[in-house]
Amino acid sequence: MKPSKEEVAELLRKGLRIDGRKMHDLRPIRMEVGVVERAEGSALVSMGKTRVLCVVRGPVECVPSHMADPERAILDVAYRMATFSTDERKSPSPSRREIELSKIIREALEPALLLGEYPRMMIRVYCLVLQADGGTRTASINAASLALAYAGIPMQDLVASVAVGYYDGKILVDLNAAEDDLCADIPMAMMPAYNKITLLQADHIFPIDKIREILDVGRKAINQIYELQKKTLKSKYAEIAKTTGANVGE
Amino acid sequence: MKGQYTTKIVVPGEVIAVGSRYNVRGAAIVKPDGRIIATRIGLLRMKGREINVVPLAGAYIPQKGDSVIGIVVDYSVVYWLLEINYVWKARLDASEFLRRPFDAGKERITDYLKIGDVVYAKIAHVERGMPPILSCRDKGYGKLEGGRLISINPVKIPRVIGVKSSMLDAIKKITKAEIKVGANGIIWVKAERPEIEELVEHAIKKIERESHTAGLTKRIQNELMKGMHKIQRGEWK
């Protein structure tokens, strides 16, 4: 049963959350890379009930060719929600929102990628939301950055992302759909190695003097996700080494 | 060479070291603040001041002088186009393949190579963002007949060859197979019996999968030896 707005609000005022988390807790996160064999890179990321599959192809020839940049590769991001990902069937045609989020995700990832190594080429990133429960763009960014790294695309850092919420003087992290409907939602993405923000949005009103606190809380959560991303990538290779009984090394 | 290196897996964004006294090679960049940061998932090999990040994943990018294996997919009057596992198809001029001038008025290009033929060639010229140019002028290059093709991740090719060709020599010695290795991730194998080719394919796939582990040459040698015994006794399934 879906909780009503009033129930969520009442709990939040008490500093509690509908799924039993503390205010600054992330939802349980699961990450896996190399889930699609045919593609150069792929990742499956779950943040709570939100689940996103990301597939990376490339570098490939730039299509349409007039888009080709002689200096660098172009990044083509497609964010889509599966028809079965929401409560009501989602129409399969790309919505205005999906097109916008594709752009947002591309812009969050681009600063991390060293696209100059692949002039006139194209890197394709598909993010498919399998199940939506708030924070699909942030899960997509986390998955895309893993899939890009697994594909061996040169990048100066992984991008990690989380949404921070603000409601009635309280800051909360990694909103689910019920909280997202109620709170001011501030999705952010960072390159943690450089302490640089690559995405910052806000879709509601919140007091501006809270922004530092919001960013700090977000940064802490992002660092947790970042460590998990690194661990996921490394364990993929450590796993293989383990089955042979040999150490990593040459 | 073993033991002197410290090796570990690094991921993009990972700080390898700080300072200007290092000699950095491979998939890593030096930032203005002196931090040396890995740019790809790879194996870090560190020895004194030497830092080298050997990528564990990534696409094939042709370099001048690479030996590659290509498949003819298209042709014009004076050149063929070969699929070499790159964004663009590579061009092989008829005169470069035949090692003599080619007269399109008197002879047909398809008399020499047809669509689907396999060629071992060298990258003669590459320009950023353009189709590469191939050549077969040097010794050992040309059409490959019979055998089978094995496709692996191009970044694993150095491991198939091994240090000073140790791995490749071991495979050749044990199986007596003819092997050509393309830097683009395509390997051609031809042996007396198809079972041996199958065995080599199996071994190469194992190298690809376990490329980042230690003691691989030894394990592959053992496996090939066992495999050859099985084949000789007719037990190879």
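Parameters at a glance
- Residues numbered from 1 in each chain as written.
- Chains lettered and ligands numbered in written order.
- Predicted model: local features only at pLDDT ≥ 70, side-chain atom pairs only at ≥ 80, totals over all residues.
- Heavy atoms only, no water.
- Helix = DSSP H or I, 4+ residues; strand = E, 2+ residues; numbered from the N terminus.
- Buried < 20%, exposed > 50% of the residue type's maximum accessible area, 1.4 Å probe, protein only.
- Contact = heavy atoms within 4.5 Å.
- Areas by Shrake-Rupley, 256 points an atom, 1.4 Å probe, with all protein chains shown as cover.
- Lys, Arg positive; Asp, Glu negative; His and termini not counted.
- Charge placed at Lys NZ, Arg CZ, Asp CG, Glu CD.
- Buried area = accessible area lost by both parts, 1.4 Å probe.
- Salt bridge = Lys/Arg side-chain N within 4 Å of Asp/Glu carboxyl O.
- Expected span 1.5 Å × (residues − 1).
- Axes fitted to C-alpha atoms, helices over the stretch in contact; angles between N-to-C directions.
- Parallel < 35°, antiparallel > 145°, perpendicular 65-115°, else oblique.
- Left-handed = near helix turned anticlockwise from the far one by under 90°.
- Nonpolar A, V, L, I, M, F, W, Y, C, P; charged D, E, K, R; others polar.

Caption draft 1: Examining the overall build of chain B more closely. Within chain B, the regular secondary structure consists of five helices and 16 strands. Each of the three principal axes of chain B carries a C-alpha extent, and together these read 65 × 55 × 25 Å. Taken over 237 residues, chain B has a buried fraction of 49%. Considering only intrachain contacts with a sequence separation of at least 6, the fraction spanning at least 24 residues in chain B is 61%. As presented, chain B carries roughly 11800 Å² of accessible surface, and 50% of it is formed by carbon and sulfur atoms. Between the mean site of the 42 positive side-chain charges and the mean site of the 26 negative ones, chain B shows a separation of 8 Å.

Caption draft 2: Seen up close, the interface of chain B and chain A. At the junction of the two partners, chain B supplies 37 residues and chain A supplies 36 residues. Buried surface at the junction of chain B and chain A, both sides included, amounts to about 3200 Å², of which 62% is carbon and sulfur. Linking chain B with chain A are one salt bridge, by the criterion used here. A salt bridge links B:Glu14 to A:Lys234, with the nearest nitrogen and oxygen atoms 3.0 Å apart.

Caption draft 3: How the structure looks around helix α2 (residues 96-109) of chain A. Here α2(A) spans 20 Å end to end across 14 residues, near enough to the 20 Å set by a 1.5 Å rise per residue. Buried within α2(A) we find A:Glu98, A:Leu101, A:Ser102, A:Ile104, A:Ile105, A:Ala108 and A:Leu109.

Caption draft 4: Molecular detail of the packing of helix α3 (residues 166-175) of chain B against helix α4 (residues 194-209) of chain B. All names here are of chain B. One way to put it is that α3 packs onto α4 with a least axis distance of 11 Å and a crossing angle of 160°. Classified by the angle between their axes, α3 and α4 sit roughly antiparallel to one another. When you trace α3 past α4, the crossing you get is right-handed. Judged by residue contacts, Met167, Ile171 and Thr175 of α3 engage Ile196, Leu199, Val200 and Ile207 from α4. Tallied by class, residues from the contact of α3 with α4 come to six nonpolar, one polar and no charged.

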